[in-house]
Amino acid sequence: MRSFGMSMLWFWVCYLLVTAVGILHTVFNIYVLHMQPMDENSMGEAYEKTKPWHPLYNILLFTFFGWLYLNGLTDPTAMDAILTGAIWAGICIVFDVFGWVLIKHPWSLTFREFYIDYQPWISLIYCAIFLGPIIGYLFTLL
């Protein structure tokens, strides 16, 4: 992979931004749309209503940040885009186990909640992360 450091910079900025957008969407649902927040039994209606939007946040943002990364390379190739998408999706898959399941915090989930109950959204999110740099690469060709 060319310019691994820049790839990681763009990846982590995007990952944090996607996470922030999801949190802000949930907060919007609570305070503006007056949906129920999380309680001791569930993540709450406000979060549940954001789930269908999660793949959209990811495809838009990871495409943009994939484009930023690939546009910064001299003569990027489709293989650069595929490798970037695979690495970014792989990092997310591993990091999410720790960040959303194993490390306990108010928004952490069980394995079942994250990998079974969050279907099809989590699978679509990982596909979007993989495809983001590939779509971003296509924009470099324009």
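Every chain's residues receive numbers from 1 upward, in the order its sequence appears when written. A pLDDT threshold of at least 70 governs which residues receive local features in this predicted model, and a stricter bar of 80 or more applies before side-chain atom pairs are shown or counted, although totals over entire chains, interfaces and linings include all residues. Side-chain numbers come from the whole structure's heavy atoms, not from hydrogens or water.

S.K.: Help me understand the environment of phenylalanine 62, please; the structure alone is not making it clear to me.
M.R.: Mapped onto the elements of the fold, phenylalanine 62 is located in helix α3 (residues 54-71). Expressed as a C-alpha distance, the spacing of phenylalanine 62 and valine 13, which sit 49 residues apart in the sequence, is 10.0 Å. Any two residues whose heavy atoms approach within 4.5 Å are treated as being in contact. If near-sequence neighbours (up to four positions away) are discounted, phenylalanine 62 is found in contact with Phe11, Cys14, Tyr15, Val18, Trp88, Ala128, Ile129, Gly132 and Pro133. Think of it this way: any DSSP run of H or I at least four residues long counts as a helix, any run of E at least two long counts as a strand, and we number them from the N terminus.

S.K.: Can you walk me through the nonpolar core in this structure?
M.R.: Looking at soluble globular proteins, one finds that nonpolar side chains tend to be buried together. Counting residues in hydrophobic clusters, the biggest one holds 27 residues, and the most contacted among them are Phe11, Phe62, Trp88, Phe114, Tyr126 and Ile129. Every element with two or more residues in this core is listed here: α1 (4-31), α3, α4 (78-102) and α6 (121-140). With six residues, the top contributor of residues to this core is α6. Excluding residues that lie within four positions of it along the chain, phenylalanine 11 makes contacts with Phe62, Trp88, Ile91 and Cys92. Joining through side-chain atoms within 4.5 Å is the link that ties buried Ala, Val, Leu, Ile, Met, Phe, Trp, Tyr and Cys residues into a set, and such a set is a nonpolar core. Type-normalised accessible area, obtained with a 1.4 Å probe on protein chains alone, sets the label of each residue: buried when under 20%, exposed when over 50%, and partly exposed for intermediate values.

S.K.: Quick question: what am I supposed to make of a nonpolar patch on the surface here?
M.R.: On the surface, Ile93, Val94, Phe98, Leu102, Ile103 and Phe111 cluster together to form a nonpolar patch covering roughly 560 Å² of accessible area. Of the residues forming the nonpolar patch, the biggest block, four residues, is contributed by α4. Assignment of secondary structure puts isoleucine 103 in the loop between α4 and α5 (111-117). Like-charged residues within 9 Å of one another, or nonpolar side chains (Val, Leu, Ile, Met, Phe, Trp, Tyr) within 5 Å, are grouped into patches, provided each residue has over 30% relative accessible area and no salt bridge. Residue burial considers only the protein chains on display, and all accessible areas are found by Shrake-Rupley using a 1.4 Å probe. Definition used for salt bridges: Asp or Glu carboxyl oxygen within 4 Å of a side-chain nitrogen of Lys or Arg.

S.K.: Teacher, can you tell me more about the pattern of salt bridges here?
M.R.: Pairing is possible between side chains that carry opposite charge, provided their charged atoms lie close to one another. In total, this model carries three salt bridges according to the counting rule given. Among the salt bridges present, the one from lysine 51 reaches glutamate 48, with a minimum N-O distance of 2.9 Å. Given a relative accessible area of 36%, glutamate 48 falls into the partly exposed group. As a salt-bridge pair, aspartate 117 and arginine 112 come within 3.8 Å of each other at their nearest N and O atoms. Overall, aspartate 117 belongs to the partly exposed group, its relative accessible area being 40%.

S.K.: Where do I start with unusual backbone geometry in this structure?
M.R.: Leave glycine aside and you will find that most residues have negative phi; peptide bonds, for their part, are mostly trans. A cis amide bond links glutamine 119 with the next residue in sequence, proline 120, at an omega value of 0°. Mapped onto the secondary structure, proline 120 falls in the loop between α5 and α6. Non-glycine residue histidine 34 carries a positive phi angle of around 60°. In this structure, histidine 34 sits in the loop between α1 and α2 (45-48).

S.K.: Is there a simple way to think about α1 in this case?
M.R.: The α-helix advances 3.6 residues per turn, and as a result positions three or four apart in sequence lie on the same side. What a helix should span is 1.5 Å times the count of its residues minus one. Look at α1: 40 Å from first C-alpha to last across 28 residues, which is about the 40 Å you get at 1.5 Å a residue. Those residues of α1 that sit buried are Ser7, Met8, Phe11, Cys14, Tyr15, Val18, Gly22, His25, Thr26 and Asn29. In the core, the buried residues of α1 are packed alongside α2, α3 and α4.

S.K.: Even after reading the chapter, I still don't get the packing of aromatic side chains, so can you show me in this structure?
M.R.: The geometry of an aromatic ring pair comes down to the distance between the two centres and the angle between the two planes. Any two rings among Phe, Tyr and Trp, with Trp reduced to its six-membered ring, count as a pair given centres within 6.5 Å; such a pair is stacked if its planes are under 30 degrees apart, edge-to-face if over 60, and tilted if neither. Enumeration over the complete set of coordinates arrives at 14 aromatic pairs. Between phenylalanine 64 and tryptophan 67, the aromatic rings sit 6.1 Å apart at their centres with planes inclined by 25°, giving stacked as the arrangement. Note that phenylalanine 64 and tryptophan 67 are positioned in helix α3 at a spacing of three residues, about one turn of the helix. For phenylalanine 64, a relative accessible area of 41% translates into the label partly exposed. An angle of 25° between the planes, with centres 6.2 Å apart, marks the rings of phenylalanine 111 and tyrosine 115 as stacked. Of this pair, phenylalanine 111 and tyrosine 115 are both found in helix α5, four residues apart, which corresponds to roughly one turn of the helix. An aromatic cluster is present here, built from Phe11, Trp12, Tyr15, Phe62, Trp88 and Phe95 joined pairwise through their rings.

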